[in-house]
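# Topology and contacts: notes
The residues making up each chain are set out below.
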Amino acid sequence: MKVSYHGHSVVQIQVNGKNIIIDPFITGNQLTDLKLRDVNPDVIILTHGHGDHVGDTVELAKRNNALVIANAELSTFLGWQGVNTHAMHIGGAYQFDFGKVKLTQAFHGSSYETENKELVYCGMPAGILFMAEGKTIYHAGDTGLFSDMKLIGERHPIDLAFLPIGDNFTMGPEDAAYAAKLLAAKTIVPIHYNTFPPIKQDPTQFIKLLENKNGKVLEPGDFIEL
């Protein structure tokens, strides 16, 4: 399994002959190494409805006939736009042919801003547990620190965790380091930082805060083999 990072919260997983992308914010993401025309996902998984996470989902899904996995409200909203979706919700899991997906809680907001400056409610924000080939990946989405992260790690031993560190909208480095302790993941990768001025952080300083010294900074385009 090849897992790569592409700036902000964009993560790609290549497994079982499928290309899976999480939160494909490409257009407008100055930190990504990806070119929209070259991205061809089979599956898109979304944590919540904010524009810097839904990103280019509709265009990518339509162009590639990709399946979009998201919570029920966001799935309905995207389905109205002609996208093929699979609706899920917090605590639920589903076994797909490429792997198992489970949505966890996340403490954040979730709405989509239309061109008419209307906010569409997009359901509860979520984190993602992705399980395949005996490995478990956790993408926390946008969230603050919460104590049940310990329960998530105990119930689903995590090989690789992606945690937001940007502060202002999500956990900052100190809270994310405590989250890493609760999750007890084998490897921790920081995400959701430096894309915009309010979330500017030094990821190397976050890595130094980790008690288990198990952090890894991935530059856009870097990957980990599991």
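So, a few notes on the structure that sits alongside this text. Note that residues are indexed from 1 along each chain, following the sequence as it is written. Per-residue local features of the predicted model are confined to residues with pLDDT of at least 70, and side-chain atom pairs are confined, for both listing and counting, to 80 or more; whole-chain, interface and lining totals are unaffected and use all residues. Excluded from the side-chain calculations are hydrogens and water; all other atoms, namely the structure's heavy atoms, are used.

### With respect to the pairing of strand 5 (residues 67–71)
- The rule is simple: take the accessible area with a 1.4 Å probe, protein chains only, and divide by the maximum for that residue type; under 20% is buried, over 50% is exposed, in between is partly exposed. Secondary structure counts use DSSP, requiring at least four H or I residues in a row for a helix and at least two E residues in a row for a strand, with both numbered from the N terminus. Along strand 5, five of the five residues are buried, which leaves the element largely enclosed by surrounding structure.
- Only strands joined by at least two bridges in the DSSP assignment are considered to pair. Judged from the three bridges that link them, strand 4 (residues 43–45) and strand 5 form a sheet pairing that is parallel. Among the inter-strand pairings, Val43 is bridged to a residue of strand 5, identified as Leu67.
- The sheet contact formed by strand 5 and strand 6 (residues 85–88) spans four bridges and is parallel. By the bridge assignment, Val68 is partnered in strand 6 with Thr85.
- The parallel pair strand 5 and strand 6 is bridged by helix 3 (residues 72–79), and the resulting crossover is right-handed. Here is how to tell: hold the view so the strands point away, follow the path from the first strand over the helix to the second, and if it runs clockwise the crossover is right-handed.

### Quick look at the environment of Ile44
- Relative to the assigned elements, Ile44 resides in strand 4.
- With relative accessibility at 0%, the residue Ile44 sits in the buried group.
- Ignoring anything within four residues of it in the chain, the contact list for Ile44 reads Ile21, Pro24, Thr57, Leu60, Ala61, Ala66, Leu67, Val68 and Ile69. It only takes one pair of heavy atoms within 4.5 Å for two residues to be counted as in contact.

### A look at the sheet that holds strand 3 (residues 18–22)
- Taken in spatial order, the seven strands make up an open sheet running 6-5-4-3-2-1-15, and their pairing is mixed. Edge positions in the open sheet fall to strand 6 and strand 15 (223–225), since each of these has one partner strand only. Recorded for the sheet is a direction-independent mean angle of 20° between the axes of neighbouring strands.
- Pairing of strand 1 (residues 2–5) with strand 2 (residues 11–15) involves four bridges; the strand directions are antiparallel. In the strand pairing of strand 2, Tyr5 is matched with Val11.
- The sheet contacts of helix 3 involve strand 5 and strand 6, and relative to strand 5 the element is tilted by about 140°. In this description, a line fitted to the C-alpha atoms serves as the axis of each element, helices being fitted only across the stretch in contact, and the angle between N-to-C directions of two axes falls anywhere from 0 to 180 degrees.

### Re the side chain of Asn214
- As for its position among the elements, Asn214 is in the loop between helix 6 (203–209) and strand 15.
- Throughout this description, a polar contact denotes any pair of N or O atoms lying within 3.5 Å of each other; where both atoms belong to protein, one of them has to be capable of donating a hydrogen while the other can accept it, and for residues adjacent in sequence the pair is counted only when both atoms sit in side chains. Of the polar contacts made by the side chain of Asn214, one reaches the backbone oxygen of Lys186; its length is 3.4 Å.
- Not counting residues up to four positions away in its chain, the partners in contact with Asn214 are Ala185, Lys186, Thr187 and Ile188.

### Let's talk about the pattern of salt bridges
- Salt bridges are defined as contacts in which a side-chain nitrogen from Lys or Arg sits within 4 Å of a carboxyl oxygen from Asp or Glu. This structure, assessed with the given rule, holds four salt bridges.
- Arg63 is paired through a salt bridge with Glu59; the nearest N and O atoms lie 3.6 Å apart. In this pair, Arg63 and Glu59 are both assigned in helix 2 (residues 57–64), four residues apart and thus about one turn of the helix distant.
- Looking at Glu59, the relative accessible area reads 42%, which means it is partly exposed.
- Of the charged contacts, one joins Asp159 and Lys186 as a salt bridge, the two residues approaching to 3.3 Å between their closest N and O atoms. Here Asp159 is found in the loop between helix 4 (149–155) and strand 13 (160–164), whereas its partner Lys186 is found in the loop between helix 5 (173–183) and strand 14 (187–191), with 27 residues between them in sequence.

### Concerning the sheet that holds strand 11 (residues 126–132)
- Ordered in space as 7-8-11-12-13-14, the six strands form an open sheet in which the pairing is mixed. The open sheet has two edge strands, strand 7 (93–96) and strand 14, and neither has a second partner. Neighbour to neighbour, the strand axes of the sheet diverge by 20° on average, direction disregarded.
- Bridging between strand 7 and strand 8 (residues 99–105) involves four bridges; their strand directions are antiparallel. Among the inter-strand pairings, Phe96 is bridged to a residue of strand 8, identified as Gly99.
- Contacting strand 12 (135–139), strand 13 and strand 14, helix 5 crosses the sheet at an angle of about 155° to strand 13.

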